[in-house]
Amino acid sequence: ALPNIGFDLKGMMPGANHFLLGLTNDELGYILTPEDFGLRLYTYEASVSVGPGLEPLLIAAARTLYGPTHAAPARGHQSH
């Protein structure tokens, strides 16, 4: 399982050094992209997730914080 939202958020961050904190203690469960939400691979994660609409809201909020010039990279092209 890849944390696609983490790759997207880090790709939007300006500067050379990026630091991202995730949610802990299952407060909100997993945050899946809408594309990942319906995949059989993520059946458990989807069952403890808020829903497929949360990730787009978080990405939109990050764009507001980082500015419109910082776009998330296309999925599948992230550097790990």
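Everything quoted here is computed from the prediction, not taken from an experiment.

Draft legend 1. Molecular detail of the nonpolar core. Counting residues in each nonpolar core, the largest one holds five residues, listed as Ile5, Leu9, Met12, Ile59 and Ala62. Looking at this core, the element that brings in the most residues is helix H1 (residues 4-12), giving three residues.

Draft legend 2. Expanded view of a nonpolar patch on the surface. A cluster of nonpolar side chains, Tyr30, Tyr44 and Val48, forms an exposed patch at the surface whose accessible area comes to about 280 Å². On the secondary structure map, Val48 appears in the loop between helix H3 (43-47) and helix H4 (54-66). Looking at Val48, the relative accessible area reads 33%, which means it is partly exposed.

Draft legend 3. Spatial organisation of the side chain of Ser49. With respect to the secondary-structure elements, Ser49 resides in the loop between H3 and H4. Judged by its relative accessible area of 15%, Ser49 is buried. Setting aside its immediate chain neighbours within four residues, Ser49 contacts Leu28, Tyr30 and Phe37.

Draft legend 4. H4, seen in detail. Between its terminal C-alpha atoms H4 stretches 18 Å, which fits the 18 Å expected from 13 residues at 1.5 Å a residue. Buried residues along H4 sit in contact with H1 and helix H2 (34-37). Looking one or two residues beyond H4, the residue adopting positive phi is Gly67, at roughly 100 degrees.

Draft legend 5. How the structure looks around the packing of H1 against H4. One way to put it is that H1 packs onto H4 with a least axis distance of 10 Å and a crossing angle of 10 degrees. Looking at the two axes, H1 sits roughly parallel to H4. Of H4, the residues touching H1 (which contributes Ile5, Asp8, Leu9 and Met12) are Glu55, Leu58, Ile59, Ala62, Arg63 and Tyr66. In terms of residue class, the contact of H1 with H4 is made up of seven nonpolar, no polar and three charged.

Parameters and conventions
Residues numbered from 1 in each chain as written. Predicted model: local features only at pLDDT ≥ 70, side-chain atom pairs only at ≥ 80, totals over all residues. Heavy atoms only, no water. Core = buried A, V, L, I, M, F, W, Y, C linked by side-chain atoms within 4.5 Å. Buried < 20%, exposed > 50% of the residue type's maximum accessible area, 1.4 Å probe, protein only. Helix = DSSP H or I, 4+ residues; strand = E, 2+ residues; numbered from the N terminus. Patch = residues over 30% accessible without salt bridge, like charges linked within 9 Å, V, L, I, M, F, W, Y side chains within 5 Å. Areas by Shrake-Rupley, 256 points an atom, 1.4 Å probe, with all protein chains shown as cover. Salt bridge = Lys/Arg side-chain N within 4 Å of Asp/Glu carboxyl O. Contact = heavy atoms within 4.5 Å. Expected span 1.5 Å × (residues − 1). Axes fitted to C-alpha atoms, helices over the stretch in contact; angles between N-to-C directions. Parallel < 35°, antiparallel > 145°, perpendicular 65-115°, else oblique. Nonpolar A, V, L, I, M, F, W, Y, C, P; charged D, E, K, R; others polar.

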